[in-house]
Each structure stands twice: as C-alpha cells, then as structure tokens.
Amino acid sequence: MPSITSAEIRTVPTSGRSARPQGHALRLDIQGLRAVAVGLVVLSHAGVSQVSGGYIGVDVFFVMSGFLITSLLLRELATTGRVSVRSFYARRALRLLPASSLVIAVTLGAAWLFLSKARLAEYAGDALASALYAVNFRLAAAGTDYLAQNSPPSPFQHFWSLAVEEQFYLVWPLLLLLTWRVARGRRRLVAVPLGVLCLGSFAAGVLETNSSAPWAYFGSLPRAWELGAGALLALATGRLERLPAALAAPLTWLGLACVTLAALWYDDETPFPGYHALLPVVGTALVLAGGCAPSSHGAGWLLERRPLVWLGGLSYGWYLWHWPLLVIAPVALGRADGTADVPLALGLSAAALGLAWLTLRLMENPVRFHRAFRRRPRRALALGAALSAGASALSLTATAVPPTIEVGGPAPALAQALSDAPAPQARLTELLATSPTALPSNLAPPLPQVKSSRSAVYRDGCHADHAATRTRPCVYGDRSSSRTIVLFGDSHAAQWFPALQRLATARGWKLVSLTKASCKVADVTIVSGHKPYTACDTWRSNSIARIKTLRPDLVVVSSSDAGDPARPAADPLHQWTTGFENTFRDLGTSGARVAALLDTPWPKGDPIDCAARNSLQLHACAHHLPDATRDATRGAAIRAAVSATATTVIDPTPWLCAPRTGICPVVVADTAVYRDDSHLSEAYAEALSPVLAPSLDRLVGAR
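Just so we're clear, the structure is a prediction, and the values are computed from it rather than from any experiment. Residue numbering note: each chain is counted from 1, following its sequence as written. Predicted model: local features are reported for residues with pLDDT of at least 70 only, side-chain atom pairs are reported and counted for 80 or more only, and whole-chain, interface and lining totals are derived from all residues. By convention in this description, side-chain values take in all heavy atoms of the structure and omit both hydrogens and water.

A. The arrangement of the overall build of the protein chain in detail. Each helix and strand in the protein chain was counted, giving 30 helices and 13 strands. The C-alpha atoms of the protein chain give a radius of gyration of 29 Å, which matches the 27 Å a tight globule of 703 residues would have. Principal-axis analysis of the C-alpha atoms places the extent of the protein chain at approximately 90 × 50 × 45 Å. Per-residue burial for the protein chain yields a buried fraction of 55% across its 703 residues. In the protein chain, the share of contacts with a sequence separation of at least 24, taken over all contacts with a separation of at least 6, comes to 81%. Per-residue and other accessible areas were derived by the Shrake-Rupley procedure at a 1.4 Å probe size, with only the shown protein chains allowed to occlude residues. Only carbon and sulfur atoms are counted for the fraction: they give 60% of the accessible area of the protein chain, which is about 28900 Å². Here Asp and Glu are counted as negative and Lys and Arg as positive; His is not counted, and neither are the chain ends. Lysine's charge is taken at NZ, arginine's at CZ, aspartate's at CG and glutamate's at CD. Within the protein chain, the 46 negative side-chain charges are centred at a point lying 13 Å from the centre of the 63 positive side-chain charges. Helical segments are the DSSP runs of H or I of at least four residues, strand segments are the runs of E of at least two, and each set is numbered from the N terminus. This radius of gyration counts C-alpha atoms alone. The globule rule is 2.2 Å times how many residues there are, raised to the power 0.38. Type-normalised accessible area, obtained with a 1.4 Å probe on protein chains alone, sets the label of each residue: buried when under 20%, exposed when over 50%, and partly exposed for intermediate values. We call two residues contacting when some pair of their heavy atoms lies within 4.5 Å.

This is the structure we're talking about:
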C-alpha cells in the first residue's frame, strides 16, 4: 500500500557515519519506484492486457514500506536508544486516516446511490472493515465461499493492502524495540529473528496458495515476509552504502527488470503470491539495495525523472480513488454490464489522479503539517480515533438505513402453491407464465438475503473445495433408513440439496451428499487455473468407490455445463458422451439406479442485482430459451449416454422457463429463482421438491 510520505523517503545514516539531519538524503528513486508500482496497479485494474500482472505493484509497495518504516525506526533507535510507539502511530494516523476516511465516506455514499441495493449491507460491512483495518480478513473469507466467488468486486476491495500493512505495523515497532535491546543494537543479531519470521511467513504463503488461495492473497501472515524483506534490507543499509558503483547500478536495473517482467508475465491465473511473489519482491529489494549507493548509471537515472517523482507523491491518493471510480462510475453512467472498457477505465483513472491531487493539496498536507499536531501525538491519535469512529458510524448507519427497493403487490406463496396442488407441474407452468412484472412485496426471503442463504451442505462444510480429493461423510434425512439416496456432482448438483433434503425427510430416506466445486460428473479432465483439474478426477474416483460401498437405491447426478476439457477433442459430443457413459456405468455397478439431472437454464447476468435495479420491470431481467442453455452439446451428450446405460434423465428446464414462450423469469410467485449468475436460490430449489418428487419416487420404489 503506497502510504509512505516524501519526508520518510530518506536514507539512514549508519553508526560509522555522521548523524547530522542534513545527512538524510532524499531518495527520489524511491518516489519514482512508487510511481511505477501504482501505475502498474492502476493499468492492471483498468484492463490493460499488456500488464495483466500489474497487481504485483502492491508487493513492490510492501517491500518499500518495510524498508522505509524500518529505516525511520532505526534512525530513532540510533539517535535516542528508544522508539516512541505513540509518536509512531500518531504519524501513521496523520498520514493515512484523513484521506482514507474521506474515500470511505464518498465511496459508501456513491454505493448507496448507484450500486445494487440488494448488496448495500455487504458493501457497508466492507466499509466498516476498511475503517478498522480488517477488510483483508473479510475478503479472504468471502473468497473461500464458493457461492460468493463470482460476485461483483467490492468498491472497498483495494483497502486490503492497507489493512495488511497496518496489521504488520501493529507489532513490528514493538518487536524491533525488543530485539534491539536484547541484541544491544547489533544489527546482525536483530536480523536473525526477523529472518526466521520471514522464512516462516514465506512458507505459509506458498502452502496457503496451494490450499486456500484467498487467504494466501489477502492474509497478513502470508504477506508479512514482503514487508519483512524490506525491513531486513534496512538493517543492512550500512553495508549497502559501500557497494561499488559498478555493482550497485546493474543491481537497480536488474531489479527494475524483475518487477517489469512480473507485471508483463503474470496474469489472473498465476498462483499468487506463493513462490511467484519472489520475482517482484526480489526485484524491488535490488532496486532499493543498489540505490543505497547512488550511481549516475543506475535505474535512478530513470526513476528520478520529475514526472515519476511527482506521480510518486500522489500514489497514495491515486491508489485510494482509482478503484471506487472503476467499480461505481460505469454503473452510474448507465453501462448495461456495469463494467468499463479500457478507454473509459483509463479516463476514470485519470480522473482519480485529479482527485488524488486535490486530496493531497486540500486535505492530506494541511492536516499532516498543521501546527496543532506538531509534536503533539496525543492530538494526532485523537484525530485518528475520531476519523475511524466517524467512518465506522457512517458504515453502521448505511446498514441500518438501506436504500428502498420498490415493490409491487403480494404474490402467491410458491412453496405452498406447489405443495397443495394436485398436479404440481401444471401449477408451476401456470405460475411461470404469469410471473410477476414487479418485485412482490412478500418476496421470501427478501432480495438482500437471497445470496446469503446457505443450505446445510454448505453450512456443514460438506461441499468439497477445489483442492480436496475427498468429501466429508455428510448424511441427512433418516440416518437409519434402509433406503439411501446419493447426491453426486458439482455445485449445480448441490443446488438441488434443499429439494432432496425435504423429500428425504418426508419419505424417510437416508440422503448422502457428495459434491465438489467445479467438478464434472463426466469422466473428462477439465481445465482449472490453466492446468488439468486432476484433484477433480481423484475426487470423482474416490466418491464413486464410496458410492459402491454404500450400495444406494438411487444416485442423483448433476453438474454445470461450464468448463472446458484439458484435452480438446475434434468431436466434443463424442468426448463428453464417452465421459458420461463411463461414470454412469461405474455408478450402475453399485446396484443403484442413476438419475441424471440436466443443468438448469442460466440467467442473464446477475439476476439479484438486475432485480434490484429493475424491481418494477422484472421482464428486463428475464432470459429466454434457447439462449439460456449454456451448452447444448453437453445436454445432448448426457441424453446419448443415458440411452446407452439405462440411466434416467430428468430435464428441469420446464421448471424454470415457460414452455410456450421460452421466457425464464427471475421471480416466480413470491420466490427468486436464482441466487447468482448460474445457481438456483435455496428457496426456489426447495419449493420445487413436489415437482421433482414423482420422478424420484418411481426410481426409489422400483428397486
């Protein structure tokens, strides 16, 4: 996070050099490096494909921050033998909080006015977490929630890096002071525990990247080593200042090349941070190290150019302002998909730079250098506390007073209507044909709660994540029943869990859930993260083996039509048909009947956000057949495999789209059909249980 002031970008005199104030030379090359880092981040966020790895700019900031803040602390220790923790946090408060509090307040107001009204409570929670420097934990938790991964980005998402930085500095000054006293000022000994901590943090980052990428990316522990690397560099400044120019200059160019290479080479599919973070971190360290012994032939020749130095001075404000503009402005401008193309994104980024300049001139500098706070850390801390409290109060107020979503009159209760109907399918067809044009006043659950609803299969951790190769033993319904039903597939199988659980409870069946994120039922290896999704293949084999030991009465299989094979075939239909046949035959050897539920029709974009924007004109959100079918080839492959393996096919399309018109509404009666851009809502799936029941009853009773 670019949160270092120009006054802090100075070299640190060593014990063998003069400690005169004028000896602290301004490091203009670091100002230029800040400009490079924030420019990479902004260009990446603006969608410039040539710098798809521009997010590494944050890693550059982490290293610079660790170097500069530790340099300041070491300077204070060398001069006074102590660190004023109160003064340290007072400086941080004056530097960070005026601008960040302003951006939080403006962004929250803009979100209230322009973004989805169904998500305001979520955004207000992000704002509160940003004000309290904890939003990185919130984002990591959301990233591990499979059903939340495709949600639009939060306008507060970029505050995660500031949170990581401040969490590091919550403990680093105290740890440095303690080790300094124990080591009696010997820097080599001070570096030992820091080096051990950095190694541990790096190892945690590599492990977390493989097992839980969101926690690796947003977590403070997996990122601490990057700030620690800068701190270690600060401890070695004395030696670095004596580097010969013939070595120092090439180091800076090599470091800048490493940063550039990472920005150009990496993309969204790069497992990051993990060991890939070494390239930008080492590159930044080389630029900083070589710059300790300035040379006219080093990268400082480029980085100290006036435009870069000027831009580096605005990097903090530019970082704060650019992301909310990129997220909110396209919606405010009426863009249909709510996103900005590259020309618009670059224009918005330029506007954000203007806001950064105004913020620096009118707020940051006047507050930071005001005489009322000079040498008065208590006042600075009080101001910081007041700003944080104000931003927090505003966030809580937004949660308590959400914007109004206009609604129409009440609608029939879908679940009750289908349960009471002598012919549930016929009644559902009527309700699909007469779906409401305005959001019903009795929508159940209310629109803002549709996305947050989670069935037991998710609450109990029974839906395996991407890395898992086995599923927890999750049994529902009547555990002692002699009739066993297995739900098998990916999240598009798990979406039917509410209906199956209701039927299992009513019929006295034992229900076993075996589902995994993005794992297809067909015996076809697919691509995930630019590589074959072999964890899916292993999980599928393990799950089929387990089903054979269960010897169930019925296996209900389903999976999404999304996902590409790792090895494309000349005849995709044959490839998928063979894959489904293999799986259906394997399941059949368990003695169970197999029911293949075709994938559901997909909505047009995010239906919840669309319904919030068009609450009185829901027809604008409806999709139509055949466009709502994600992949007709996949459905044809299942039908072909079914006919070859004595499997039963169940097509849910008539349960979501009106048969005569082909219209697929987002609300039927009093219930939202979808929770996101592909999954059924919990309420709608459960309401469909009377429609699903006849097919399953015949199959279970046929044994």
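B. Looking closely at the confidence of the model for the protein chain. Residue-level confidence of the predictor is what pLDDT reports, using numbers from 0 through 100. Looking at the protein chain as a whole, its pLDDT mean stands at 92, while 95% of the residues score no less than 70. Across residues 11–23 the pLDDT falls below 50, and counting only partners more than four positions away or on other chains, this stretch makes 21 contacts in the model.

C. Examining the pattern of salt bridges more closely. When a carboxyl oxygen of Asp or Glu lies within 4 Å of a side-chain nitrogen of Lys or Arg, that pair is called a salt bridge. On inspection of all chains with the given rule, the structure shows 22 salt bridges. A salt bridge links Asp126 to Arg138; its shortest N-O distance comes to 2.4 Å. Here Arg138 lies in helix 5 (residues 135–143) and Asp126 lies in helix 4 (residues 120–131), a separation of 12 residues in the sequence. When its relative accessible area of 4% is taken as the criterion, Asp126 is described as buried. Since its relative accessible area comes to 33%, Arg138 is described here as partly exposed. Several salt bridges share partner residues, and in doing so they unite Arg119, Glu122, Lys451, Asp606 and Asp609 into one network.

D. Up close: helix 1 (residues 28–45). In a regular helix each residue adds 1.5 Å, so 18 residues correspond to 26 Å; helix 1 covers 26 Å between its end C-alpha atoms and thus fits that length. Among the 18 residues of helix 1, 14 are classified as buried, and the element is accordingly described as predominantly covered. Take the number of residues in a helix, subtract one, and multiply by 1.5 Å to get its expected span.

E. Representation of the state of the cysteines within the structure. Disulfide assignment relies on a single distance test, namely cysteine sulfur atoms paired within 2.5 Å. Under the criterion given, the structure shown has four disulfides. Cys657 shares a disulfide with Cys664; S-S distance 1.9 Å. Its torsion about the S-S bond being 100°, the disulfide of Cys657 and Cys664 is classed as right-handed. The pair Cys657 / Cys664 is uniform in exposure class, with both members buried. In the protein chain, numbering the disulfide-bonded cysteines from first to last in sequence yields the connectivity 1-2, 3-4, 5-6, 7-8. Not part of a disulfide, Cys198 finds its nearest cysteine sulfur in Cys292, a span of 17 Å. The exposure class of Cys198 is buried, given its relative accessible area of 10%.

F. Main features of a nonpolar patch on the surface. Residues Trp310, Leu355, Trp357, Leu358 and Leu362 make up a contiguous nonpolar surface patch of roughly 510 Å² in combined accessible area. At four residues, the largest contribution of residues to the nonpolar patch is made by helix 16 (residues 342–368). Looking at the element boundaries, Trp357 is found in helix 16. Only residues whose relative accessible area exceeds 30% and that form no salt bridge enter a patch; like-charged residues are grouped when within 9 Å of one another, and nonpolar side chains (Val, Leu, Ile, Met, Phe, Trp, Tyr) when within 5 Å.

G. Here's a closer look at the side chain of Ser689. Tracing the sequence through the fold places Ser689 in helix 30 (residues 689–701). If we ignore the near neighbours within four places in the chain, the residues touching Ser689 are Ala499, Arg502 and Leu503.

H. Spatial organisation of the packing of helix 23 (residues 497–507) against helix 30. Geometry is summarised by axes, namely lines fitted to C-alpha atoms with helices restricted to the contacting stretch, and by angles between N-to-C directions that run from 0 to 180 degrees. Interhelical geometry of helix 23 versus helix 30 gives an angle of 65° and a closest axis separation of 10 Å. Crossing angle aside, the handedness with which helix 23 passes helix 30 is right-handed. Counted together, Ala499, Leu500, Arg502, Leu503 and Arg507 of helix 23 and Ser689, Leu692, Ala693, Leu696 and Asp697 of helix 30 form the full contact between these two elements. Residues were grouped as follows: Ala, Val, Leu, Ile, Met, Phe, Trp, Tyr, Cys and Pro as nonpolar; Asp, Glu, Lys and Arg as charged; and all remaining residues, including Gly, as polar. The residue makeup of the contact of helix 23 with helix 30, split by class, is six nonpolar, one polar and three charged. Two helices crossing with the near one rotated counterclockwise from the far one by less than a right angle form a left-handed crossing, whereas a clockwise rotation gives a right-handed crossing.

I. Fine view of a positive patch on the surface. Taken together, the side chains of Arg82, Arg86, Arg181 and Arg378 define a basic patch exposed on the protein surface. For Arg181, the location among the structural elements is in helix 6 (residues 160–183). Since its relative accessible area comes to 54%, Arg181 is described here as exposed.

J. Here's a closer look at the nonpolar core. The nonpolar core is taken to be a set of buried Ala, Val, Leu, Ile, Met, Phe, Trp, Tyr and Cys residues, with the residues joined through side-chain atoms within 4.5 Å. Membership of the largest hydrophobic core comes to 108 residues, with the highest contact counts inside it found for Ile56 and Trp160. A total of 12 residues in this core trace back to one element, the largest contributor, which is helix 2 (residues 57–80). For Trp160, the residues in contact, after removing those within four places along its chain, are Val58, Phe62, Val135, Asn136, Leu139, Tyr217, Phe218, Arg223 and Tyr319. Counting residues in each nonpolar core, the second largest holds 50 residues, with Leu414, Val673, Tyr674 and Leu692 among its members.

K. Region of the structure containing the packing of aromatic side chains. To pair, rings of Phe, Tyr and Trp, with the six-membered ring standing in for Trp, must have centres within 6.5 Å; the planes then decide the type, stacked if under 30 degrees apart, edge-to-face if over 60, and tilted in the middle. This structure, assessed with the given rule, holds 20 aromatic pairs. Relative to Phe218, the ring of Trp160 lies with its centre 5.5 Å away and its plane at 85°, an arrangement referred to as edge-to-face. Of this pair, Trp160 sits in helix 6 while Phe218 sits in helix 8 (residues 213–218); the two residues are 58 residues apart in sequence, bridging distant segments of the chain. Comparing Trp160 with Phe218, the two get one shared label, buried. Taken together, the ring pairs connect Tyr55, Phe62, Trp160, Tyr217, Phe218, Trp265, Tyr266 and Phe272 into an aromatic cluster. By definition here, charges over rings are those cases where NZ of Lys or CZ of Arg is within 6 Å of the ring centre and within 35 degrees of the ring normal. Across from the ring centre of Tyr217, 4.6 Å away, lies the NZ or CZ of Arg223, which sits over that ring. Just above the ring of Trp301 sits the side chain of Arg305; from NZ or CZ to the centre is 4.3 Å.

L. Highlighting the side chain of Thr600. When you line up the elements, Thr600 lands in the loop between strand 8 (593–597) and helix 26 (607–613). Distance and chemistry together define a polar contact, namely a pair of N or O atoms within 3.5 Å, with one atom able to donate a hydrogen and the other to accept it when in protein, and with adjacent residues in sequence counting only for side-chain atoms on both sides. Only 3.4 Å separates the side chain of Thr600 from the side chain of Gln495, close enough to count as a polar contact. Discounting chain neighbours no more than four positions away, the residues touching Thr600 are His492, Gln495, Trp496, Pro652, Leu656, Ser678 and Leu680.

M. The environment of Pro532, seen in detail. Locating Pro532 in the fold gives a position in strand 6 (residues 531–532). For the pair Pro532 and Ala566, spaced 34 residues apart in sequence, the C-alpha to C-alpha distance is 5.6 Å. Non-local contacts of Pro532, meaning those with residues more than four positions away in its chain, are made with Thr525, Ile526 and Ala566.

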